[in-house]
Amino acid sequence: MLRFGTAGLRGPLRDGPDGMNPTTVSRATAGLADWLRDRCLGGGAVVVGRDARHGSAEFAIATAEIFAAAGFPVTLLPRPLPTPIVAYAVRELGAVAGVQITASHNPATDNGYKVYLDGGAQLIAPADTEIERCIEAVGEPIARTPVTPADDGLVRRYLERVARLPELIGGPGERADVRIVLTPLHGVGGDTAVAALAAAGFQHVHVVGEQFAPDADFPTVAFPNPEEPGATDLLLGTATRIGADIAIALDPDADRCAIGIPDGDGGWRMLRGDETGVILGDCVLRTAPPSALVATTIVSSRLLSKLAAARGARYAETLTGFKWLARAGDGLVYAYEEAIGHCVDPATVRDKDGISAAVLAADLVARLKAAGRTLADELDDYAVEFGLHATDQVALRLPDPAAAANVVDRLRAAPPGEIAGEPVKYTDLLQVRGRMRTDALIFEGAAARIVVRPSGTEPKLKCYLEVVEPVAGRAALAAARTAAELRLTELRAFCGGL
């Protein structure tokens, strides 16, 4: 059977217990309902949402009706909507659980079942294995009671909160003349993002028409993930053509946000998740209370830790995934992961949220534009203040998840003492105790770092690279970038040979 991985179930659409199908979804829902009742949460509110993938409508209706028959008041969202709205609704309504039918940025052949618990955070161990045992014990038949979809009230309240973020975090700004180009990559974030940007005062939002309407086949991209090569070509082409100030790409369920900026040579480039992460983190910290907490993961850049110290904030590091970042600690005001996930308003959405991140990024561009500056200028400032932090990721697509785990096991058995000519210190996170224990290896030298781990959602081996180059001043930036790129090339070569 499919196992609970990153926040729930995810897998190919096919018959049988190892696929996403009506039987798998029905049994998962009945098991989750039993688990909630076992914890005296029976009768608590439940939120159910969905994206626009193949099977999502059928799966969402089954989920809502099974919860209703089990005695839970159910809020079934009215149409395909972004995943962050479910996270928001669970928190807003004080619900005991929420389910979003989505496979996020997976291929069109997949779907999934994402679970939020009370407080609106993703489920974590041991709840996942406990729910699996409840699913295995589900008998037949599974009762269902019809559910009437909710109105747009929750969506409106979510949009009102997101539209206020620039005033709460960024302060007053002139947004009317900022030109934005947006793609939801055939997902469900387009209408919500446009509405949020308009409500925040942005009047010039252009969309990539070929990718705007939800389409479960994702016809213009090989993989519906803004990080994949070629996925944002139409976005950046449109940005160049209209003379945009910022380009925004959402993943299909709109919980992740990628930002594109002019490259200074007449073209455009997409920012890495670490670049957007430190930019938005600094934006939030400028109005955060003293000793506020920011967080990122073990595979992200170390730059946020340096920024937090300089801004008088606390810093925390977790394993990959927002199920951990959302629980980083009290006083959390911002969290991000390098895979373009950003939580800019954890008091409202305790998960990554591409819509709110897009609004805050656009607002920052507006305020910088009014001052004659750009996001590139901000990045240059960080490089001069903290050193140039250059990051990259090497993802090796393998036949199955076991093949990726085998590579990590081989490295664990014979870890290299040096990489690209530099001695490295080796840390095996399977050897640590507590929440930081995971199947990952860290190789760290004086100025370079590699984290290697198998993907939790795809048959991939992931290698996260970072190089830090000192920068004497703005005049030294070009030389530092050249040196960092040469070093990254050596690290990529090492990873490619694994």
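Structure first, text after, so check above.
(A) Layout of the overall build of the chain. The helix and strand tally for the chain stands at 14 helices and 21 strands. Seen through its principal axes, the chain has C-alpha atoms that stretch 70 × 60 × 45 Å. Considering the chain as a whole, with its 498 residues, one finds that 57% of them fall into the buried category. Considering only intrachain contacts with a sequence separation of at least 6, the fraction spanning at least 24 residues in the chain is 69%. Carbon and sulfur atoms form 53% of the exposed surface of the chain, whose accessible area is close to 18700 Å². In the chain, the 50 positive side-chain charges and the 63 negative ones have mean positions that sit 4 Å from each other.

(B) Broad picture of the sheet that holds strand β1 (residues 8–12). Reading across from one edge, β1-β5-β4-β2-β3 is the order of the five strands in this open sheet, with mixed pairing throughout. Only two strands of the sheet have a single neighbouring strand rather than two, namely β1 and β3 (74–76). Neighbour to neighbour, the strand axes of the sheet diverge by 10° on average, direction disregarded. Judged from the five bridges that link them, β1 and strand β5 (residues 110–117) form a sheet pairing that is antiparallel. Looking across to β5, one finds that Gly8 is bridged to Lys114. The sheet strands contacting helix α1 (residues 22–38) are β1, β4 (97–101) and β5, and the helix crosses β5 at an angle near 10°.

(C) Structural detail: the layout of surface pockets. Looking at the second largest pocket, its volume works out to about 610 Å³. In terms of lining, the second largest pocket is formed by 27 residues, of which the most central are Arg269, Glu275, Leu388, His389 and Arg481. Listed by contribution, the elements that provide at least two residues to the lining of the second largest pocket are β9 (257–262), α8 (273–285), α12 (375–386), β15 (388–397) and α14 (477–496). Its residues assigned to classes, the lining of the second largest pocket shows twelve nonpolar, five polar and ten charged.

(D) Focus on the side chain of Asp363. Within the element layout of this structure, Asp363 appears in helix α11 (residues 354–370). At 2.6 Å, the side chain of Asp363 and the side chain of Arg175 are in polar contact.

(E) Main features of the packing of aromatic side chains. Going through the model one piece at a time under the given rule, you end up with four aromatic pairs. Ring geometry for Tyr334 versus Tyr336: centroids 6.3 Å apart, planes at 25°, classification stacked. Comparing Tyr334 with Tyr336, the two get one shared label, buried. Between the aromatic rings of Tyr426 and Phe443, the centroid separation amounts to 5.5 Å while the plane-to-plane angle is 25°, which identifies the pairing as stacked.

(F) Inspection of α8 at higher detail. An ideal rise of 1.5 Å per residue puts 18 Å on 13 residues; α8 measures up with 18 Å between its terminal C-alpha atoms. Here α8 lies mainly inside the structure; 13 of its 13 residues are buried.

(G) Representation of the environment of Ala216 within the structure. The residue Ala216 is located in the loop between β7 (204–207) and α7 (233–242) in this model. Placed 173 residues apart in sequence, Ala216 and Gly43 show a C-alpha to C-alpha distance of 34 Å.

(H) Just the pairing of strand β12 (residues 314–318), in detail. Of the strand pairs in this sheet, strand β11 (residues 293–297) and β12 are connected by five bridges, and their pairing is parallel. Across the sheet, residue Leu293 finds its bridge partner in β12, namely Arg314. In terms of handedness, the path from β11 via helix α9 (residues 303–310) over to β12 forms a crossover that is right-handed.

(I) Layout of the nonpolar core. If you look at the biggest cluster of nonpolar residues, it comprises 67 residues, and the most contacted ones within it are Ile248, Ile259 and Leu375. Broken down by element, this core gets its largest block of residues, eleven residues, from α11. Setting aside residues no more than four positions away along its own chain, Ile248 makes contact with Ile180, Val181, Leu182, Thr183, Leu235, Cys257, Ala258, Ile259 and Ala358. Ala7, Trp35, Phe72 and Val115 belong to the second largest nonpolar core, which has 33 residues in total.

(J) Up close: the packing of α8 against α12. Closest axis-to-axis distance for the α8/α12 pair is 11 Å, and the angle between their directions is 90°. The orientation of α8 with respect to α12, classified from their angle, is roughly perpendicular. On α12, the residues that touch Glu275, Val278, Ile279 and Asp282 of α8 are Leu375, Leu379 and Tyr382. Split by residue class, the contact of α8 with α12 holds five nonpolar, no polar and two charged.

(K) Representation of unusual backbone geometry in the model. Residues Ala125 and Pro126 are joined by a peptide bond in cis, for which omega reads 5°. Within the secondary structure, Pro126 is located in the loop between β5 and α4 (127–136). Between Glu140 and the following residue, Pro141, the backbone shows a cis peptide bond with an omega angle of -5°. As for its placement among the helices and strands, Pro141 is situated in the loop between α4 and α5 (153–170). The phi dihedral of Ala254 is positive, around 65°, even though this residue is not glycine. Mapped onto the elements of the fold, Ala254 is located in the loop between β8 (246–250) and β9. Given a relative accessible area of 0%, Ala254 falls into the buried group.

(L) Inspection of the pairing of β11 at higher detail. Within β11, five of the five residues are buried, which leaves the element mostly enclosed by the surrounding structure. Alternating positions in β11 separate into two faces, Leu293, Ala295 and Thr297 on one and Val294 and Thr296 on the other, with burial throughout.

(M) Structural context of the sheet that holds β12. Spatial strand order, β12-β11-β13-β14: four strands in an open sheet with mixed pairing. Each edge of the sheet is formed by a strand with only one pairing partner; in this case those strands are β12 and β14 (341–343). For this sheet the average axis-to-axis angle between neighbouring strands, irrespective of direction, equals 15°. For β11 and strand β13 (residues 332–337), the ladder comprises three bridges, and the chain directions are parallel. For Leu293, the partnering residue across the bridge sits in β13 and is Leu332. Lying on the sheet, α8 is in contact with β11, β13 and β14; it crosses β13 at an angle near 170°.

The rules behind the values
- Residues numbered from 1 in each chain as written.
- Predicted model: local features only at pLDDT ≥ 70, side-chain atom pairs only at ≥ 80, totals over all residues.
- Heavy atoms only, no water.
- Helix = DSSP H or I, 4+ residues; strand = E, 2+ residues; numbered from the N terminus.
- Buried < 20%, exposed > 50% of the residue type's maximum accessible area, 1.4 Å probe, protein only.
- Contact = heavy atoms within 4.5 Å.
- Areas by Shrake-Rupley, 256 points an atom, 1.4 Å probe, with all protein chains shown as cover.
- Lys, Arg positive; Asp, Glu negative; His and termini not counted.
- Charge placed at Lys NZ, Arg CZ, Asp CG, Glu CD.
- Pairing = 2+ DSSP bridges.
- Axes fitted to C-alpha atoms, helices over the stretch in contact; angles between N-to-C directions.
- 1 Å grid on protein atoms, 1.4 Å probe; cavity = no way out; pocket = protein on both sides within 12 Å on 5 of 7 lines; lining within 4 Å.
- Points joined across faces, edges and corners; volume = space filled by probe spheres on them.
- Nonpolar A, V, L, I, M, F, W, Y, C, P; charged D, E, K, R; others polar.
- Polar contact = N/O pair within 3.5 Å; in protein donor to acceptor, adjacent residues only side chain to side chain.
- Phe/Tyr/Trp six-rings, centres within 6.5 Å; stacked < 30°, edge-to-face > 60°.
- Expected span 1.5 Å × (residues − 1).
- Right-handed = clockwise from strand over helix to strand, strands pointing away.
- Core = buried A, V, L, I, M, F, W, Y, C linked by side-chain atoms within 4.5 Å.
- Parallel < 35°, antiparallel > 145°, perpendicular 65-115°, else oblique.

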